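Per-entry structural report
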2 protein chains.
Amino acid sequence: MKIKCLKSELLNGINIVSKAIPTKTTMTILENILLTAGDGEIKLLANDMEIGIETSINGEIYEKGVVALDERLLTDIIRKYPDNDVFIECNDEYLTTITCENTDMIIPGREGDEFPSLPKYEKENPLVISQFSLKELIKQTIFSIADNNSNKMMAGELFEIKENKLKAVTLDGHRLSVRNIELKDNYDDKKVIIPGSTLNKVNGILPGDINKDVNIYFNNNNIIFEFDNTVVISRLIEGEYFKVDQMILNDSDIKVTVNRKNFIDCIDRASLFFKEGDKNPVRFNFVDNKVEISINSHHGSMNADLDVVKEGKDILIGFNPKLMIDALRVIEDEEVDLYMTAFNAPCIIKNDTASYIYLVLPVKVN
Amino acid sequence: MKIKCLKSELLNGINIVSKAIPTKTTMTILENILLTAGDGEIKLLANDMEIGIETSINGEIYEKGVVALDERLLTDIIRKYPDNDVFIECNDEYLTTITCENTDMIIPGREGDEFPSLPKYEKENPLVISQFSLKELIKQTIFSIADNNSNKMMAGELFEIKENKLKAVTLDGHRLSVRNIELKDNYDDKKVIIPGSTLNKVNGILPGDINKDVNIYFNNNNIIFEFDNTVVISRLIEGEYFKVDQMILNDSDIKVTVNRKNFIDCIDRASLFFKEGDKNPVRFNFVDNKVEISINSHHGSMNADLDVVKEGKDILIGFNPKLMIDALRVIEDEEVDLYMTAFNAPCIIKNDTASYIYLVLPVKVN
């Protein structure tokens, strides 16, 4: 194999596929990036057996070939090169010379045959969504995914497609996030559970261009994201997701409208005195058109007043401040509406069109 | 006590003195900042018993008083406040209310009497140096200080004053750094050894203004730095520093001039294959007006050619790349001169005026 490409092209490609390099593995071949020069295309591939990412880069092919190169070493070498043409040449023993300007770096490569290839998939009827919308959707829901593996289903995000609607749902036992978006076309009904780690990785490499699309395919219990020159293939989580609709009831008789930024700032200050697991929540005392936000701990205490607009009766309710802030931070509206029923019932934050719905469970106030 | 000051003033002051908060201590009072309102001045003080930092901030004093407040908590509270007036009020039990806009934060303070005060010092005959020069001087020497405590003297930096000259020296057993600068005035001869940690902290809080000065006092085995509204007092290291002049001999018969940036870039690439303690250095083969920089390890190998200007015989010599790069990075000249004698003798990097001298010991090439 012998190729030439710009340092920036190569580094960009490496940064994309390296998201699929496992942090720990006993299969050392997975610590490599598979570099393929053939059929007029230079491709990079990484695959941790749960998610595989392939991207193609611009360059010139002088001699076709395939080699697996250590991802860490390759990244370091390319990073340390100047912004210029980089030549990669690999001999029959997979010894690979990476040259730029006056410098040769020579590293041992491995045979490409050892590398696990991506599963084949059918490119039929893609679900089409703009890069921007997908990136926003992930950002606005992924934070309430469970981060431990105690419950496999909670570590996944539901994508539910009905006609021209996509509903994304995450929950972790203390809160629930829903985003509803409209698609340009109609699709067959579909419900899949995508690993949170996959969506985090897609979010990390998706440029988020509003004028470019992502094609999503579902195939043999895999989900495939195609965008720009990149393909991401991930397994789906099997099973039936939680019944979400019955958790979000529309019977709240208290509605409070708050200024989002001021509300976040006060809760954030109160969070200084909140310790996870302390069972001492931040108290929200909604009285008339005021809320008093307070917390009392042995480290110190905090007290703040904010103007709000309230419909319905007064209520004193406690929350873990982190859960409230997480939801409020991903909303973009200046004013947000909170719906409550009682001190021991969930608070629901949503807009009129229900394009977002965030549910947060309260914590008992002593 | 009751005071008012701007959040930015307060936070700036906290950030300065917090450099003297110990990371680990059994004396919990040292984890506090002493806040003093009195005599028309608001002062902040921290003191880890090796170094003490005091700074004064602008504000209004409504009621004099002294209180010690937990540094971590105080920093977090002030950070989370908006850019506006902050009121601090402390009652007879040292319970302290910190108010900004609509929020009160209340934390327990401690009595000021428990706090170790700074030693008194005489403000006579300061050594005067511009903030800029002191910051540069520290940056250009501190990197070759020994970072472990195996040798107390090596963890200090020599300041040697003779007439209107200040010489700063650090060494760690593998290398040596010397900076010579001219002072505006003449001073009595003086030799002191300043803890490296002190200079790192001074460097961290010194604004580096070219038009403002630092006054340095020596007093009872302490060194005192005064600049802007800040005073830093640190103990000195007692003892006799290494005889440095005899290490830097002027008998080199090889002189090589290199382009600093290109030289650094090549050594930096070679460093990818260098492991500390491997006894496999980067090889520098100076032949005629070329240097071949190379390294061969079981991870891979590297080879680069650079044009140089050489006087004297050819030489093959090995170095730990990190030591070479550290010295070359703090030099600002485009071209630098290397002086060598033999493969087993130090390399000296210096300019014609000897305003900087860096000595690096070679590593045996197999």
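Here the structure is a predicted model, which is why all the values come from computation and not from measurement.

Here we look at the overall build of chain A
- For chain A, the count of helices and strands is 6 helices and 24 strands.
- Expressed as lengths along the three principal axes of its C-alpha atoms, the size of chain A is roughly 80 × 50 × 35 Å.
- For chain A, with 366 residues in total, the buried portion stands at 54%.
- Taking the contacts inside chain A whose residues are at least 6 apart along the sequence as the reference set, 66% of them involve residues at least 24 apart.
- A distance of 5 Å separates the average location of the 42 positive side-chain charges in chain A from that of its 60 negative side-chain charges.

Observations concerning the interface of chain B and chain A
- Across the contact, 27 residues belong to chain B and 27 residues belong to chain A.
- For the pair chain B and chain A, the two sides together bury roughly 2200 Å², of which 55% comes from carbon and sulfur.
- Of all residues in chain B, the largest losses of buried area upon contact with chain A belong to Lys80(B), Arg269(B) and Leu272(B), amounting jointly to 30% of the total for that side.
- On the surface where chain B and chain A come into contact, there are 2 salt bridges.
- Of the charged contacts, one joins Lys80(B) and Asp268(A) as a salt bridge, the two residues approaching to 2.9 Å between their closest N and O atoms.
- In this assembly, chain B and chain A are joined by 12 residue pairs in polar contact (both at pLDDT 80 or more).
- For the side of chain B that touches chain A, the secondary-structure elements that each account for two or more residues are helix H2 (71–80), strand S9 (103–108), helix H5 (260–270) and strand S19 (301–307) of chain B.
- Of the residues in the side of chain B that touches chain A, the class split is 14 nonpolar, 7 polar and 6 charged.

Here we look at unusual backbone geometry
- Of note in this structure, Met49(A) is not a glycine but carries a positive phi near 80°.
- Secondary-structure assignment places Met49(A) in the loop between strand S3 (41–47) and strand S4 (51–57).

Points about the relation of the copies chain B and chain A
- Taken as rigid bodies, chain B and chain A are interconverted by a rotation of 180° and an axial shift of 0.0 Å, the fit giving an RMSD of 0.0 Å. Look at the turn and shift together and you get a two-fold axis relating the two. Of the C-alpha atoms belonging to chain B, the one lying closest to the rotation axis is found on Thr23(B), 15 Å away.
- When the interface residues of chain B are mapped onto chain A, 100% of them again fall at the interface, so both copies present the same face.

Focus on the sheet that holds strand S16 (residues 254–259) of chain B
All names here are of chain B.
- The strand order S11-S12-S24-S23-S22-S16-S20 describes an open sheet built from 7 strands, whose pairing is antiparallel. For this open sheet the edge positions go to strand S11 (156–171) and strand S20 (309–311), each flanked by a neighbour on one side alone. Taking each pair of neighbouring strands and ignoring which way they run, the sheet shows an average axis angle of 20°.
- Sheet topology places strand S22 (residues 335–340) next to strand S23 (residues 347–350); 2 bridges connect them, and they run antiparallel. Within S23, the position partnered with Leu338 by the bridge is Ile349.

Remarks on the sheet that holds strand S4 (residues 51–57) of chain B
Residue and element names in this part refer to chain B.
- Across the sheet, 8 strands lie side by side as S6-S2-S3-S4-S15-S14-S13-S10; this open sheet has antiparallel pairing. Here the strands that pair on one side only, and so sit at the sheet edges, are strand S6 (65–70) and strand S10 (127–130). Strand-to-strand twist of the sheet, defined as the mean angle between neighbouring strand axes without regard to direction, takes the value 20°.
- Judged from the 5 bridges that link them, strand S2 (residues 32–38) and strand S3 (residues 41–47) form a sheet pairing that is antiparallel. Within S3, the position partnered with Leu35 by the bridge is Leu44.

Here we look at the state of the cysteines
Residues and elements named next belong to chain B.
- As enumerated under the stated definition, the model contains 0 disulfides over all chains in all.
- For Cys5, which is in no disulfide, the shortest distance to another cysteine sulfur is to Cys100 and amounts to 10 Å.
- Cysteine Cys90 remains unbridged, with the sulfur of Cys5 as its closest cysteine sulfur at 14 Å.
- Cys90 gets classed as buried once you look at its relative accessible area, which sits at 10%.

Conventions and cut-offs
Residues numbered from 1 in each chain as written. Chains lettered and ligands numbered in written order. Predicted model: local features only at pLDDT ≥ 70, side-chain atom pairs only at ≥ 80, totals over all residues. Heavy atoms only, no water. Helix = DSSP H or I, 4+ residues; strand = E, 2+ residues; numbered from the N terminus. Buried < 20%, exposed > 50% of the residue type's maximum accessible area, 1.4 Å probe, protein only. Contact = heavy atoms within 4.5 Å. Lys, Arg positive; Asp, Glu negative; His and termini not counted. Charge placed at Lys NZ, Arg CZ, Asp CG, Glu CD. Buried area = accessible area lost by both parts, 1.4 Å probe. Salt bridge = Lys/Arg side-chain N within 4 Å of Asp/Glu carboxyl O. Polar contact = N/O pair within 3.5 Å; in protein donor to acceptor, adjacent residues only side chain to side chain. Nonpolar A, V, L, I, M, F, W, Y, C, P; charged D, E, K, R; others polar. Least-squares fit on C-alpha atoms with pLDDT ≥ 70 in both. Pairing = 2+ DSSP bridges. Axes fitted to C-alpha atoms, helices over the stretch in contact; angles between N-to-C directions. Disulfide = S-S within 2.5 Å.

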